[in-house]
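# What the coordinates show
What follows is the residue order along each chain.
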Amino acid sequence: MSLPIEPVLNRVLIDMGRSFLQYISDAWPWVDPQAQNVQEQVFVLAARQRQDVGDLAAVLSDREFFIDFGTFPTEYTDLQFLALNSIFEWLHKGQADILGEIASGISQAQTAGDDEAVQVLTSVQGHEQNIAASLKELQSELQTVSA
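Fair warning: this is a prediction, and the values are worked out from it, not measured in the lab.

For the rest of this paragraph, the subject is the pattern of salt bridges. The full count for this structure, using the stated rule, is five salt bridges. The partner of Glu 116 in a salt bridge is Arg 63, with the nearest N and O atoms 2.8 Å apart. Placement of the pair is Glu 116 in helix H5 (residues 115-146) and Arg 63 in the loop between helix H3 (36-62) and helix H4 (88-112), with a sequence separation of 53 residues. Relative accessible area serves as the criterion here: at 23%, Arg 63 is assigned to the partly exposed category. The salt bridge involving Lys 93 is made with Asp 97; its shortest N-O contact spans 2.7 Å. Of this pair, Lys 93 and Asp 97 both sit in helix H4, four residues apart, roughly one helical turn. Taken together, the shared-partner salt bridges connect Glu 6, Arg 63, Asp 114 and Glu 116 into one network.

Following this line, the structure appears as structure tokens:
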């Protein structure tokens, strides 16, 4: 007998919904005025991630599963009033953690035989991989603008 996959989906939802990317989109990190475009692109990536959270929430809601949206980790609260270029390592680590949790979720959903969960997690995985790649490009762009 396989375990229900809804808690796994909820864990992925929390990881994305309370990610460092989401935190800094609320904290508004400082950027040089010449790099304002980079900051705006980071906020677009955060909005894309929120869409993935919404997709998972819709699946959980359809299954009548009580959704826990979680809270931001307390270690983020020390990271206020920072420059965007100083927090990219945190962003990369956060995305890597999310991608690891999604991969684990896909494996568990496959084991459980939950095709819908596999499909939504695979879709979210692709989006989150794109966000991770875009963050690397933005870091490079910010370094170029700052130089």
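The subject of this paragraph is the environment of Ala 57. Looking at where Ala 57 falls in the secondary structure, it is placed in helix H3. Each C-alpha atom of the pair Ala 57 and Ile 131 lies 19 Å from the other, and the pair is 74 residues apart in sequence. Those residues within four positions of Ala 57 in sequence are excluded, and the remaining contacts are Leu 13, Ile 67 and Phe 69.

This part is about the packing of helix H1 (residues 6-17) against H4. One way to put it is that H1 packs onto H4 with a least axis distance of 10 Å and a crossing angle of 170°. Accordingly, the angle class assigned to the pair H1 and H4 is roughly antiparallel. In this structure, H1 crosses over H4, and the sense of that crossing is left-handed. Here Val 8, Arg 11, Val 12, Asp 15 and Met 16 of H1 come into contact with H4, specifically with Ile 98, Glu 101, Ile 102, Gly 105 and Gln 108.

Procedures and definitions
Residues numbered from 1 in each chain as written. Predicted model: local features only at pLDDT ≥ 70, side-chain atom pairs only at ≥ 80, totals over all residues. Heavy atoms only, no water. Salt bridge = Lys/Arg side-chain N within 4 Å of Asp/Glu carboxyl O. Helix = DSSP H or I, 4+ residues; strand = E, 2+ residues; numbered from the N terminus. Buried < 20%, exposed > 50% of the residue type's maximum accessible area, 1.4 Å probe, protein only. Contact = heavy atoms within 4.5 Å. Axes fitted to C-alpha atoms, helices over the stretch in contact; angles between N-to-C directions. Parallel < 35°, antiparallel > 145°, perpendicular 65-115°, else oblique. Left-handed = near helix turned anticlockwise from the far one by under 90°.

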